[in-house]
Amino acid sequence: MTAASISIAGREIGPDARPYIIAEMSGNHNNSLDRAMEIVTSAAENGADAVKLQTYTADTMTLDYDGPGFVIEDEKSLWAGRQLYDLYDEAHTPWDWHGPLMEHAKSLGIHCFSSPFDASAVDFLETLDVPAYKIASFEMTDLPLIRKVARTGKPMIISTGMATLEEIGEAIAAAKGEGNDQLVVLKCTSTYPATPDNTNIRTIPNMAAATGCLIGLSDHTMGVGVPAAAVTLGAVLVEKHFTLARADGGVDSAFSLEPAELQSLRDETERAWQSLGKVSYGGSKAEEASKAFRRSLYIAQDMKAGDTLTEENLRAIRPGYGMPPKFFDLLIGKRVNRDVTRGTPMQWDLLG
């Protein structure tokens, strides 16, 4: 059984609420606090419910070392050839920016929280009273980190990336073991960018059934089609990387949404959510007037009392105020009991 809902700073997140949209800033600030502030402003103006930061330093992420494993060797990677330490040093958000960015977001009416990457980041974020935490896909197997975050009592958004179902279960158990069941688990594909054919969002309802948690989507595909489809499969939250302009560059810019695309994400996921409705047949109240455009049986020629109904004088046409066409064959050969003018809707009381 899936959880009914959780709440982040009073905002309900669940199947009965519009999808919660997170704009992930990551390193798209390009080492400028002014640009970071502009990203928060633009996110608020274009429909985001929250801006998410990442809280780490190069030293809390890795070693300043260029030996095997510490340089990205995948030639297809956006960061091929980069040393991990240098990449994280470039992409990190200075910790003294966090407070001003969070205050700015609050002034604009949206949330701002972060992904901590080690225990010191959690301690720091607690001093800022963040409303929620995000566990990144690559950290979701770091159970001590998950336990520490869980002990804050704040809602937790856990991205799963490459995780097996067993690993997902271990992460959830670690959080719940500390008394925290305010969880949203994210389907995520850890490629940058991701392709739709490698996204497998049919996993979403299965993940909900297997975990009993609310499920969202952390999406690295281009465009908004995948998130909208994910909402129809039960996703209650969507996270996408966000930048002011991909042309400005930055470590994550290539797979980040621009402002107009973020607004489209907000609009299309909301439309997808609204379209879910309930299981319904027979037409809605809003469709009632459209019944007039169905075909129905009408007298097509003037007739005298006693005349026989034929395929020429009885027709299935629009509008829909006569008898249903399913009675056509039954009526052929019957006689009318009075004079009838062309354009009269066929009814049982016309029969002799």
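Preceding this section is the structure that the text describes.
Right, let's walk through the structure included here. (Residues numbered from 1 in each chain as written. Predicted model: local features only at pLDDT ≥ 70, side-chain atom pairs only at ≥ 80, totals over all residues. Heavy atoms only, no water.)

1. Considering the overall build of the chain
Okay, step 1: A tally of helices and strands in the chain yields 11 helices and 12 strands.
Okay, step 2: For 352 residues, the compact-globule estimate of 2.2 N^0.38 gives 20 Å, and the C-alpha radius of gyration of the chain, at 30 Å, exceeds that figure by more than 25%.
Okay, step 3: Summarising its shape, the C-alpha atoms of the chain cover approximately 100 × 45 × 40 Å along the three principal directions.
Okay, step 4: Residues counted as buried form 47% of the 352 residues belonging to the chain.
Okay, step 5: Sequence-distant contacts, at least 24 apart, represent 65% of the contacts inside the chain between residues at least 6 apart.
Okay, step 6: Carbon and sulfur atoms make up 50% of the accessible area of the chain, which totals about 17000 Å². (Helix = DSSP H or I, 4+ residues; strand = E, 2+ residues; numbered from the N terminus. Rg over C-alpha atoms; globule rule 2.2 N^0.38 Å. Buried < 20%, exposed > 50% of the residue type's maximum accessible area, 1.4 Å probe, protein only. Contact = heavy atoms within 4.5 Å. Areas by Shrake-Rupley, 256 points an atom, 1.4 Å probe, with all protein chains shown as cover.)

2. Describing the packing of aromatic side chains
Okay, step 1: Inspection of every chain in the model, using the stated rule, returns seven aromatic pairs.
Okay, step 2: Each ring, one from Y56 and one from Y88, has its centre 5.9 Å from the other, and the planes form 80 degrees; the classification is edge-to-face. Of the two residues, Y56 is situated in the loop between β4 (50-55) and α2 (58-61) and Y88 in helix α3 (residues 84-91); the sequence distance between them amounts to 32 residues.
Okay, step 3: Residue Y88 is classed as partly exposed on the basis of its relative accessible area, which comes to 22%.
Okay, step 4: Pairing W95 with F124 gives two aromatic rings, centres 4.9 Å apart and planes at 25 degrees, and the pair type is stacked. Taken together, the residues span a long stretch of sequence, with W95 in helix α4 (residues 95-107) and F124 in helix α5 (residues 119-127) at a distance of 29 residues. (Phe/Tyr/Trp six-rings, centres within 6.5 Å; stacked < 30°, edge-to-face > 60°.)

3. Considerations on the pattern of salt bridges
Okay, step 1: Tallied over the entire structure, the rule returns 16 salt bridges.
Okay, step 2: Note that R82 is salt-bridged to E90, the shortest N-O span being 2.8 Å.
Okay, step 3: Owing to a relative accessible area of 26%, R82 belongs among the partly exposed residues under this scheme.
Okay, step 4: Overall, the relative accessible area of 31% leaves E90 in the partly exposed class.
Okay, step 5: Residue K154 is joined to E126 by a salt bridge in which the shortest nitrogen-to-oxygen separation is 3.1 Å. Here the residue K154 occupies a position in the loop between α6 (143-150) and β7 (156-159), and E126 occupies one in helix α5, the gap between them amounting to 28 residues. (Salt bridge = Lys/Arg side-chain N within 4 Å of Asp/Glu carboxyl O.)

4. A short note on the environment of A132
Okay, step 1: Residue placement: A132 occurs in the loop between α5 and β6 (133-135).
Okay, step 2: Take A132: its relative accessible area is 0%, and that puts it in the buried class.
Okay, step 3: Taking the C-alpha atoms as reference points, A132 and I8, 124 residues apart in sequence, are found 6.6 Å from one another.
Okay, step 4: Leaving out residues up to four positions away in the same chain, A132 has contacts with I8, F113, S114, K154 and P155.

5. Quick word on a negative patch on the surface
Okay, step 1: Together, D59, D64, D66, D86 and D89 give the surface a local cluster of negative charge.
Okay, step 2: Among the structural elements, D64 can be located in the loop between α2 and α3.
Okay, step 3: The exposed category is assigned to D64, whose relative accessible area is 56%. (Patch = residues over 30% accessible without salt bridge, like charges linked within 9 Å, V, L, I, M, F, W, Y side chains within 5 Å. Lys, Arg positive; Asp, Glu negative; His and termini not counted. Charge placed at Lys NZ, Arg CZ, Asp CG, Glu CD.)

6. Regarding α4
Okay, step 1: Restricting attention to buried positions, one finds in α4 the residues W97, H98, L101, M102 and A105. Down the axis of α4, the smallest arc covering the buried residues is 130 degrees, so these residues share one side. Opposite the buried face of α4, by more than 90 degrees, sit the exposed residues D96, E103, K106 and S107.
Okay, step 2: Each element contacted by the buried residues of α4 is listed here: α1 (33-45), β4, β5 (111-116) and α5. (Arc of directions from axis to C-beta.)

7. Focus on the side chain of S26
Okay, step 1: Checked against the element boundaries, S26 lands in the loop between β3 (20-24) and α1.
Okay, step 2: You can call S26 buried: its relative accessible area is 4%.
Okay, step 3: What S26 contacts, discounting residues up to four positions off in sequence, is K52, Q54, A91, T93, H241 and D252.

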